[in-house]
Number of protein chains: 2
Amino acid sequence: MLPIRLAFGQTNPIVGDFAGNLDQIETLCVEAEQKQVDLLIFGELALCGYPLGDLSYRRDLVLKSETALETLLAKSKDFPNLTLLVGYARLATQTNPSQSSKAIAHNSAAAIRNGELLGVYDKQLLPNYDVFDDWRNFVPGTQELNIKVGQTVVAVKICEDIWSEAPFADDQVDLIAVLNGSPFTFEKSSQRRVAAKRFAAGKALAYANLAGGQDELVFDGDSFVVGADGSIRFTAGMQPGLFIAEEGQDGSYSAEEKLFQVLVAGLRDYLAKTKQTRVVLGLSGGIDSALCAALAVEAIGMQNVLGVSMPSRYSSEHSVSDAVALARNLGIELRSVPIEPAHLAFESMLTLSDLAQENLQARLRAVILMGISNSEGRLLLTTGNKSEVAVGYSTIYGDSAGGFAPIKDLLKTDVWRMARYVNKRAATELIPVSSIEKPPSAELRPGQLDQDSLPDYEILDGIIRILVEANGTVQDAIAAGFSTELVHKTDRMIRAAEWKRSQGAIGTKLSGVSFGSGRRVPITTRFD
Amino acid sequence: MLPIRLAFGQTNPIVGDFAGNLDQIETLCVEAEQKQVDLLIFGELALCGYPLGDLSYRRDLVLKSETALETLLAKSKDFPNLTLLVGYARLATQTNPSQSSKAIAHNSAAAIRNGELLGVYDKQLLPNYDVFDDWRNFVPGTQELNIKVGQTVVAVKICEDIWSEAPFADDQVDLIAVLNGSPFTFEKSSQRRVAAKRFAAGKALAYANLAGGQDELVFDGDSFVVGADGSIRFTAGMQPGLFIAEEGQDGSYSAEEKLFQVLVAGLRDYLAKTKQTRVVLGLSGGIDSALCAALAVEAIGMQNVLGVSMPSRYSSEHSVSDAVALARNLGIELRSVPIEPAHLAFESMLTLSDLAQENLQARLRAVILMGISNSEGRLLLTTGNKSEVAVGYSTIYGDSAGGFAPIKDLLKTDVWRMARYVNKRAATELIPVSSIEKPPSAELRPGQLDQDSLPDYEILDGIIRILVEANGTVQDAIAAGFSTELVHKTDRMIRAAEWKRSQGAIGTKLSGVSFGSGRRVPITTRFD
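Residues numbered from 1 in each chain as written. Chains lettered and ligands numbered in written order. Predicted model: local features only at pLDDT ≥ 70, side-chain atom pairs only at ≥ 80, totals over all residues. Heavy atoms only, no water.

### Let's talk about the overall build of chain A
Applied cut-off: Helix and strand assignments follow DSSP, with helices taken as H or I runs no shorter than four residues and strands as E runs no shorter than two, numbered in order from the N terminus. C-alpha atoms define the radius of gyration, and 2.2 Å times the number of residues to the power 0.38 defines the globule rule. Only protein chains enter the accessibility calculation, which uses a 1.4 Å probe. A residue is then buried if its area is under 20% of the maximum for its type, exposed if over 50%, and partly exposed in between. For this analysis, residues touch if any pair of their heavy atoms sits within 4.5 Å. Throughout, the Shrake-Rupley method with a 1.4 Å probe supplies accessible areas, and for residues the shown protein chains are the sole cover considered.
In terms of regular secondary structure, chain A is built from 16 helices and 18 strands. A compact globule built from 528 residues would reach a C-alpha radius of gyration of about 24 Å, and chain A, at 25 Å, matches this within 12%. Principal-axis analysis of the C-alpha atoms places the extent of chain A at approximately 80 × 50 × 45 Å. Expressed as a percentage of its 528 residues, the buried residues of chain A come to 64%. Contacts in chain A between residues far apart in sequence, at least 24 positions, make up 72% of those at least 6 positions apart. Carbon and sulfur atoms make up 51% of the accessible area of chain A, which totals about 18200 Å².

### Focus on the nonpolar core
For the record, the criterion: What makes a nonpolar core is a set of buried Ala, Val, Leu, Ile, Met, Phe, Trp, Tyr and Cys residues whose side-chain atoms join them at distances within 4.5 Å.
Counting residues in each nonpolar core, the largest one holds 94 residues, and the members touching the most others are A:L40, A:L84, A:V86, B:L40, B:L84 and B:V86. Contacts of A:L84, omitting those with residues within four sequence positions, involve A:C29, A:L40, A:F42, A:L72, A:F79, A:A110, A:A111 and A:I112.

### Overview of the packing of helix α5 (residues 255–273) of chain B against helix α11 (residues 412–426) of chain B
Residues and elements named next belong to chain B. Quick reminder of the rule: Under this scheme, a helix contributes an axis fitted over its contacting stretch, all axes are lines through C-alpha atoms, and angles between N-to-C directions fall in the 0 to 180 degree range. Small angles under 35 degrees read as roughly parallel and large ones over 145 as roughly antiparallel, with 65 to 115 read as roughly perpendicular and the rest as oblique. For this classification, Asp, Glu, Lys and Arg are treated as charged, while Ala, Val, Leu, Ile, Met, Phe, Trp, Tyr, Cys and Pro are nonpolar and the rest, including Gly, are polar.
At a minimum axis distance of 10 Å, the contact between α5 and α11 shows a crossing angle of 95°. One finds that α5 runs roughly perpendicular with respect to α11. Every residue of α11 that contacts α5 at E256, E257, L259, F260, Q261 and L263 is listed here: R417, M418, Y421, V422 and R425. Here the contact of α5 with α11 is composed, by residue class, of six nonpolar, one polar and four charged.

### Side note on the pairing of strand β4 (residues 105–113) of chain B
Residues and elements named next belong to chain B. What counts is decided by this rule: The rule for pairing is simple: two strands pair if DSSP sees at least two bridges between them.
Within β4, eight of the nine residues are buried, leaving the element largely enclosed by the surrounding structure. In this structure, β4 lies alongside strand β5 (residues 116–122), joined through six bridges in antiparallel fashion. Bridging across to β5, S108 finds its partner in D122. Linkage of β4 to β5, two consecutive antiparallel strands, is achieved through a turn of two residues, within which N114 is found at a positive phi near 50°.

### Looking at the environment of B:V305
All names here are of chain B. Note on placement: V305 falls in strand β16 (residues 305–309). Relative accessible area serves as the criterion here: at 2%, V305 is assigned to the buried category. Expressed as a C-alpha distance, the spacing of V305 and T277, which sit 28 residues apart in the sequence, is 9.2 Å. Once residues lying within four places of it in the same chain are set aside, the contact partners of V305 are V279, L281, A296, V297, I300, I332, E333 and R378.

### As for the relation of the copies chain B and chain A
Spelled out, the test is: Least-squares fitting of one copy onto the other uses the C-alpha atoms of those residues that reach a pLDDT of at least 70 in both copies.
Turning chain B through 180° and shifting it by 0.0 Å along the axis lays it on chain A, with an RMSD of 0.0 Å. This pairing of chains is accounted for by a two-fold axis. Of every C-alpha in chain B, the one belonging to B:Q503 sits nearest the axis of rotation, 2.0 Å from it. Both copies share a contact surface, since 100% of the interface residues of chain B are interface residues in chain A too.

### As for unusual backbone geometry
The linkage connecting A:Y50 with the following residue, A:P51, adopts the cis geometry, with an omega of -5°. In this fold, A:P51 is placed in the loop between β2 (39–42) and α2 (59–75). One non-glycine residue, B:D130, lies in the positive phi region at around 50°. Classification of B:D130 by relative accessible area gives buried; the value is 13%.

### Observations concerning the confidence of the model for chain A
For the record, the criterion: One number per residue, pLDDT, summarises how confident the predictor is, and it ranges from 0 to 100.
Taken as a whole, chain A shows an average pLDDT of 96; of its residues, 100% reach a score of 70 or greater. Here the prediction assigns the complex a pTM of 0.97, and the interface score ipTM is 0.96.

### Some remarks on the pairing of strand β9 (residues 204–209) of chain A
Residues and elements named next belong to chain A. Our working rule: With the strands pointing away from the viewer, any crossover whose connection runs clockwise from the first strand over the helix to the second is right-handed.
Within β9, six of the six residues are buried, leaving the element largely enclosed by the surrounding structure. Side-chain alternation along β9 places A204, A206 and A208 on one buried face and L205, Y207 and N209 on a second face that is also buried. Bridge count between strand β8 (residues 175–180) and β9: six bridges; the pairing is parallel. Across the sheet, the residue bridging to V178 is Y207, located in β9. Considered for its hand, the β-α-β crossover made up of β8, helix α4 (residues 188–200) and β9 is right-handed. The pairing of β9 with strand β12 (residues 224–226) spans three bridges and is antiparallel.

### Observations regarding the pattern of salt bridges
Residues and elements named next belong to chain A. For the record, the criterion: The salt bridge criterion pairs a side-chain nitrogen of Lys or Arg with a carboxyl oxygen of Asp or Glu, the two atoms within 4 Å.
The full count for this structure, using the stated rule, is 71 salt bridges over all chains. D133 is paired through a salt bridge with R520; the nearest N and O atoms lie 3.0 Å apart. Taken together, the positions of D133 in the loop between β5 (116–122) and α3 (134–137) and R520 in the segment after α16 (498–501) put the pair 387 residues apart, joining distant regions of the chain. Judged by its relative accessible area of 9%, D133 falls in the buried class. On the accessibility criterion, R520 (15% relative accessible area) is buried. R378 is the partner of E376 in a salt bridge, and the nearest nitrogen-oxygen pair spans 3.1 Å.

### Comments concerning the interface of chain B and chain A
Defined as follows: A quick way to say it: buried area is the sum, across both parts, of accessible area lost when two parts are put together, with a 1.4 Å probe. Pairing of N or O atoms within 3.5 Å defines a polar contact, subject to two protein rules: one partner must be a possible hydrogen donor and the other a possible acceptor, and residues neighboring in sequence count only if both atoms are side-chain atoms.
Opposite the 92 residues of chain B that make contact, chain A presents 92 residues. Each partner contributes to the roughly 7500 Å² buried at the junction of chain B and chain A, and carbon and sulfur atoms together form 58% of this total. Summed over the three residues of chain B that lose the most area to chain A, namely B:T524, B:R526 and B:F527, the buried surface amounts to 11% of that side. At the junction of chain B with chain A, the criterion picks out two salt bridges. In this structure, the connection of chain B to chain A is made through 36 residue pairs in polar contact (both at pLDDT 80 or more). Where the side of chain B that touches chain A is concerned, the elements lending two or more residues are α2 (59–75), α3 (134–137), α5, α8 (340–349), α9 (354–376) and α14 (474–479) of chain B. With twelve residues, α9(B) is the largest single contributor of residues to the side of chain B that touches chain A. In the side of chain B that touches chain A, the residues fall into 44 nonpolar, 29 polar and 19 charged.

### Remarks on the domain arrangement of chain A
Residue and element names in this part refer to chain A. Defined as follows: Domain delimitation follows an automatic or database domain assignment.
For chain A, the domain assignment lists domain 1 (6–246) and domain 2 (262–450). Placing a centre on the C-alpha atoms of domain 1 and another on those of domain 2 gives a separation of 39 Å. Opposite the twelve residues of domain 1 that make contact, domain 2 presents eight residues. Across the domain 1 to domain 2 interface the summed buried area is about 790 Å²; carbon plus sulfur atoms make up 66%. At the junction of domain 1 with domain 2, the criterion picks out zero salt bridges. One can count five residue pairs in polar contact (both at pLDDT 80 or more) joining domain 1 with domain 2. Per-element tally for the side of domain 1 that touches domain 2: the top contributor is strand β10 (residues 211–214), with three residues. Residue composition of the side of domain 1 that touches domain 2, grouped by class: six nonpolar, four polar and two charged.

### Re the sheet that holds strand β17 (residues 333–336) of chain B
Residue and element names in this part refer to chain B. Pairing in this open sheet of four strands is parallel, and the strands run β17-β16-β15-β18 from one edge to the other. If you trace the sheet from one side to the other, it starts and ends with β17 and β18 (379–380), each paired once. For strand β15 (residues 279–282) and β16, the ladder comprises four bridges, and the chain directions are parallel. Residue pairing in the sheet places G282 in a bridge with V308 of β16.

### So, the sheet that holds strand β16 (residues 305–309) of chain A
All names here are of chain A. Spatially, β17-β16-β15-β18 is the arrangement adopted by the four strands of the open sheet, whose pairing is parallel. One side of each edge strand has no neighbouring strand; the edge strands of this open sheet are β17 (333–336) and β18 (379–380). Lying over the sheet, helix α6 (residues 287–300) contacts β15 (279–282) and β16, oriented at roughly 165° with respect to β15.

### Regarding empty space enclosed by the protein
Residue and element names in this part refer to chain B. Our working definition: With a 1 Å grid spanning the protein atoms alone, the term cavity applies to any set of points in which a 1.4 Å probe fits but cannot get out, the term pocket to an open set with protein on both sides within 12 Å along at least five of seven lines, and the term lining residue to any residue with an atom within 4 Å of a point. Grid points are joined across faces, edges and corners, and a volume is the space filled by probe spheres set on the points.
This structure, assessed with the given rule, holds seven cavities of 30 Å³ or more. In this structure, the second largest cavity encloses a volume near 270 Å³. For the second largest cavity, the lining is made up of 19 residues, of which V389, S394, S400, G504 and A505 are closest to its centre. Looking at the lining of the second largest cavity, its residues break down into seven nonpolar, seven polar and five charged.

### Some thoughts on the environment of B:P341
Relative to the helices and strands, B:P341 resides in helix α8. Linking B:P341 and B:F224, residues 117 residues apart in sequence, is a C-alpha distance of 58 Å. Excluding its chain neighbours within four sequence positions, the residues that come into contact with B:P341 are A:A345, A:S348 and A:M349.

### Examining the packing of aromatic side chains
For the record, the criterion: Ring pairs are drawn from Phe, Tyr and Trp, using the six-membered ring of Trp, whenever the two centres fall within 6.5 Å, and their geometry is named by plane angle: stacked under 30 degrees, edge-to-face over 60, tilted for the rest. Lysine NZ or arginine CZ positioned within 6 Å of the ring centre and within 35 degrees of the ring normal marks a charge as sitting over the ring.
The final tally for this structure, using the stated rule, is 19 aromatic pairs over all chains. Centroid distance B:Y129 to B:F132: 5.6 Å. Interplanar angle 75°. Geometry classified as edge-to-face. In this structure B:Y129 comes out as buried when scored by relative accessible area, which is 12%. What makes B:F132 buried here is its relative accessible area of 10%. The ring of A:W416 has A:K412 lying over it, and the distance from NZ or CZ to the ring centre is 5.7 Å.

Printed below as a string of structure tokens:
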């Protein structure tokens, strides 16, 4: 493949945890040296964690990043034959006149071998779309960096650099090494390869990514090598670890397994990195809470997941029996706390409209769940899906309450798909088929069904894909064949829910446009 | 002052409401023509509203902006002697290679006279700090624009352009006209004048701003003229309207009156622009809810404000009597809903830790308030101050529940100051002196005081000013004389509350670093 032995160090850093991040890096360096690796490439800002957000403005953090690099430099004498490329933040000495930001640091990569700093490269193209705030948080670089590893000339680039309009054009270079902090989206794996081939323009290119969850993002590894002929020669898995680029190896996953692993990693790392070990969630007998419970069991183990069934006077028999079956199938504890005493108490205290009476029940459940969360130190999971979050089909401070929303970027039709996949991969009925097949209902009044208030989910999700995920207009959605009335109704619901979403829990980003820091829309608008 | 008669059109646009925004502009143009104004300057993006956020990516919105400009152009024959400068969005035909964004439009200004488009200017320096996402949302311009009004040569600039490092340097120019979308902060009025004088470098400069609230921002008018000698020749008020720049007129306010008016405008316009007319809030007898009630009465009138007293078994006598006195003083309706029935019901349903029992009471109150909100169509105000929001001294889904947080950027020591000012300006005791003078307490357990858990507010606010508002480090705060232990404790509390704040209601920005879209910090960190 290449005259040098190449490897990727997929670490799972925590923002600001320099000691822990350094430790991960050093461990992989030692392993790489033992395995005769020549060049080991880590991810973008692997020493600091990424994204830093406005912590990048803090001089003390940037100085700690530079100190951590010095430590690694000294340590590199322990693996003298290894050349390594690692991402870190360093103080900028010049500002960029076309930039009006508070940035003080570069987003940089250091090339290190045997105690020597071979060179430093500063990221030049700073993305400023979706979740990315690099132009806000960093000063762009201006200098290229080529290093030699044996006889191989290696150019260093960072992430967005290879998405520039102009392809790479230095004839002296044999290999382009790219350090990335590239979060998962449904299309990202293929988009990365298209961008890499286009940019490499006939050179070999090695694409190194981070691994693991950081708030709403999951860095899904997937480091890869493009040959000079444009073919993919190697693909790493998504877990942290050392990946030696062996010709022809392909660590990639099926689309469904990848999505499953991303959902699990997002939840697991949010808990681990915030030092939480246990969760609680309401089990309604419905499909959303069932899928979240299954993901939680995979992420942190059945013994750490508590389900709570909170039947009301309107709950169907199957809502309780499906929750019981789910808990039994997953091996998790199930507690039952009927809400009737509280329901009666509030009815004696307040006179409420019909809709407010529905919201009341959802909020009483949140009071129960947050009571358990606060008493027992369990993170409350909120189980809303993207279709609901989009149109505001939820009760704020009710079912939307929680510290993490595992499936907030998964459309309802994908929830069904993923639930079936959970059973398929376990080769047993973890999620009761009845939960998958029954018509969705919030059960906040007798006989209520989601489809009393919402279009069929197949249609709703199609409209959301256009209006939200493709940034389309109502005209685009109508042109795609959806009914004018439903499109306008959905558009109105999406915009009316902006204020609710602004108070929503974070959850793992899956799509190109998720409801989170990557979508910044005013609450107050009169835009049609 | 100048050989031409100059005026400012301070409009209060709604994002996306082209008809309404155009109507405001045309009305002021007609008035200006009647008053023999030569040059009328409107604010940044006055036709579209500002900030647009990611709506700037929507081609249909940008096309509507261009259409609205065409309408204004045709209409301008009705005021043929007037030259006007107005902000709008227009499609970009070229991208900027150093920019990696999804931007499709320029943030532009059109110069119009008697049906003729004299020229167009595109904002060049696009801010990307604090609440500003212009580099994300717009394509920078490259061309200068000078127009002639009579014999006066006028250069056109937009907002951040005048904060550039290089001062203005075109000797042909007599006057620099600047269209701004500049939100209030405590120091902004003086900062604007410093920047304007420095940039103008011996030229006359006319600074036009928007007026009114837009989500978390309040555009505080304050349009002004700097003479060629660097002196301030004219200052407008903060309300929408036409302001003719008469030599020596000063429409500025005292610091306390300005802050009061900004707090009122933020709340009033959030309600008006989201078509809401009535509010509800819990009245605890404490100072925070008292101040919010007074602001609400000023914003929308006493008849539209409902206070709810929700005493518990731990409530003091004065908490009820102070709420009653406040409601009487303000002339607002007060309802009493004791929480004991619900409290007893939940105690029969759950066994909770001590802290969870405190949180429970706050959440029962939120259930009551949101029940009233949903039933009666009243926006719930959440009354937490910045000191509480900073250290997370609140119950999520409890007292932090609400659609708008009027004083979330006001430190507790400033709450006291503002409460005294409310009484002073009314020349009567609107807010009971007892509410101002008693020691703060959440009253969630017998004899509880805020200072059992928090440092004295004078000290806490001093530390928050350094750690949050000055982006300082713990070392900075210790160096400023605060105790090492209290600084570290406060820093830990601020970071631990990041997840709560991520779900907080929006509220009016007052400081350079407020908790809102201008402060972007990861939830998951291990940064010390």
